[in-house]
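# A look at the structure
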Amino acid sequence: MSSPFDFALALGDDALVAAQRLGEWTSRAPEMEEDVALANIALDQLGAARLLLTYAGELEGAGRDEDALAYLRDDREFRNCLLVELPNGDFAVTMAKLLFLSAYQLPLYSALAGCADERLAAIGAKARKESAYHRDHAALWVRRLGDGTAESHRRMQAAVDQTWPYAHELFAPWPGAPVDPAGLRGDFDAYVGPVLAEATLTRPADGWAPAGGRDGVHTEHLSYLLAEMQVLHRAHPGATW
Amino acid sequence: MVDPREAVAAVVDPEIRVITIDELGILRAVDRDAATGRVTVTITPTYTGCPAMDVIRADIRRALAAAGHPDADVRTVYSPAWSTDWISTAGRAKLAAAGIAPPLATRDAGTAPATRAGTVVPLTLAVRCPLCGSAETEQVSRFGSTACKALWRCRACREPFDHLKAL
């Protein structure tokens, strides 16, 4: 699992599944501005996913385009991290997930921008600016909720506790990849630590670290997500409008 | 037959219809093969997920066909990445006239709000209300009606307005 195809596919799947989950908030967010914000972030993730999956398809050379990769693979063939496929939960869970994801994607895309692969470098240079907005947005809400009322603090802490174990998988060593994610852990900790502290939240202890997403071994949540995302394309193959 | 560059440069952005794609800085090149007459247009998206790209491609083809260039190819490139620095001075003036506060100086990693480039202490610059000119404004939401805009409000005239956020 160390070909450029696997790497582009994994990053593309992270963005695609994150986009699908964030899109579930559309028309359901706590306020209008947040609805627009989450839809915008979903759109950014989808944009990155399209570029990465298109490139993955070209690297594979088997004639699969972005649609074939997004719509015609089963859960065991997806390579996204488990964090992005977890259900949205309440708003605090969504913000905890977004904070961890963006605090990983920002240094990842920044490092990609300087890598030798020209296509990945272009995608990284483009996507990192968008990731910076996502990370700021998530951090703002984590601070506001964590250092808010007793109830918002309780729920934000619960959300961080629940999703923290899934952050470890993001930094699993990947020798030979254009950017080894293991080298990004320092950036992540340097950003997330102070945000949690400022939000009066306790950084969970490191222990249980579920993984398997990069090998196609997912939680039970992914196949339900894919069923919804893929049903139209599978029912009407090749349909356009 | 109209010059293809001229025809393409006049295509307006479908989401912000007061500004052309040339002024917005997403038109990178227009090349015409002298031998075949085939026109190749190179564009770049503002945001990776910009949903207007398909419409922009179609509008470019339509404009070229009307200008006598039915044989056209529209390519999309991602490098160098677009930033708000690509918006022309004329484009900024048109945005402001349409009630959209133009972007401030860009920053490296894209962390809003914008700060004055080159200063040691990050200094937040005011976004002026495009309607009354007041600097007494506040951000309502970092994300607005399109991927490239944020929602702001003027504390002086109380009007909400869009701000094309620096990227």
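Everything in this summary refers to the structure shown in the same document. Just so it is clear, the structure is predicted and the values come from calculations on it, not from any experiment. (Residues numbered from 1 in each chain as written. Chains lettered and ligands numbered in written order. Predicted model: local features only at pLDDT ≥ 70, side-chain atom pairs only at ≥ 80, totals over all residues. Heavy atoms only, no water.)

### Things to note about the overall build of chain A
- When helices and strands are tallied, chain A shows nine helices and zero strands.
- Helices (α) and strands (β) of chain A occur, in sequence order from the N terminus, as α-α-α-α-α-α-α-α-α.
- Its C-alpha atoms give chain A a radius of gyration of 17 Å, within 12% of the compact-globule value 18 Å for 241 residues.
- Projected onto its principal axes, the C-alpha positions of chain A cover 55 × 40 × 30 Å. (Helix = DSSP H or I, 4+ residues; strand = E, 2+ residues; numbered from the N terminus. Rg over C-alpha atoms; globule rule 2.2 N^0.38 Å.)

### Side note on the sheet that holds strand β3 (residues 72-76) of chain B
All names here are of chain B.
- What the three strands build is an open sheet, ordered β1-β2-β3; its pairing is mixed. The sheet is open, and its two borders are formed by β1 (27-32) and β3, each paired with just one other strand. The mean inter-strand angle of the sheet, taken between neighbouring strand axes irrespective of direction, is 15°.
- Sheet analysis places β1 next to strand β2 (residues 39-43), joined by five bridges and oriented antiparallel. If you follow Ala 29 over to β2, its bridge partner there is Thr 42. (Pairing = 2+ DSSP bridges. Axes fitted to C-alpha atoms, helices over the stretch in contact; angles between N-to-C directions.)

### Some details on the sheet that holds strand β4 (residues 100-101) of chain B
All names here are of chain B.
- The strand order across the open sheet formed by four strands is β4-β7-β6-β5, and the pairing between neighbours is mixed. On the outer flanks of this sheet lie β4 and β5 (137-141), each paired with one strand and no other.
- Relative to strand β6 (residues 149-154), β5 runs antiparallel, the two sharing four bridges. For Ser 141, the partnering residue across the bridge sits in β6 and is Leu 151.

### Points about the layout of surface pockets
- Considering only enclosed or pocket space, the largest pocket measures out at about 1,500 Å³ in volume.
- Leu 46, Arg 50, Glu 66 and Asp 67 of chain A together with Asp 54 of chain B are the residues nearest the centre of the largest pocket, which is lined by 43 residues in total.
- Of all the secondary-structure elements, those providing two or more residues to the lining of the largest pocket are α1 (4-23), α2 (32-60), α3 (66-71), α6 (118-146) and α9 (221-235) of chain A together with α3 (53-66) of chain B.
- When residues of the lining of the largest pocket are assigned to their parent elements, the largest contribution, ten residues, is made by α2 of chain A. (1 Å grid on protein atoms, 1.4 Å probe; cavity = no way out; pocket = protein on both sides within 12 Å on 5 of 7 lines; lining within 4 Å. Points joined across faces, edges and corners; volume = space filled by probe spheres on them.)

Taken by themselves, the reported measurements are silent on function.
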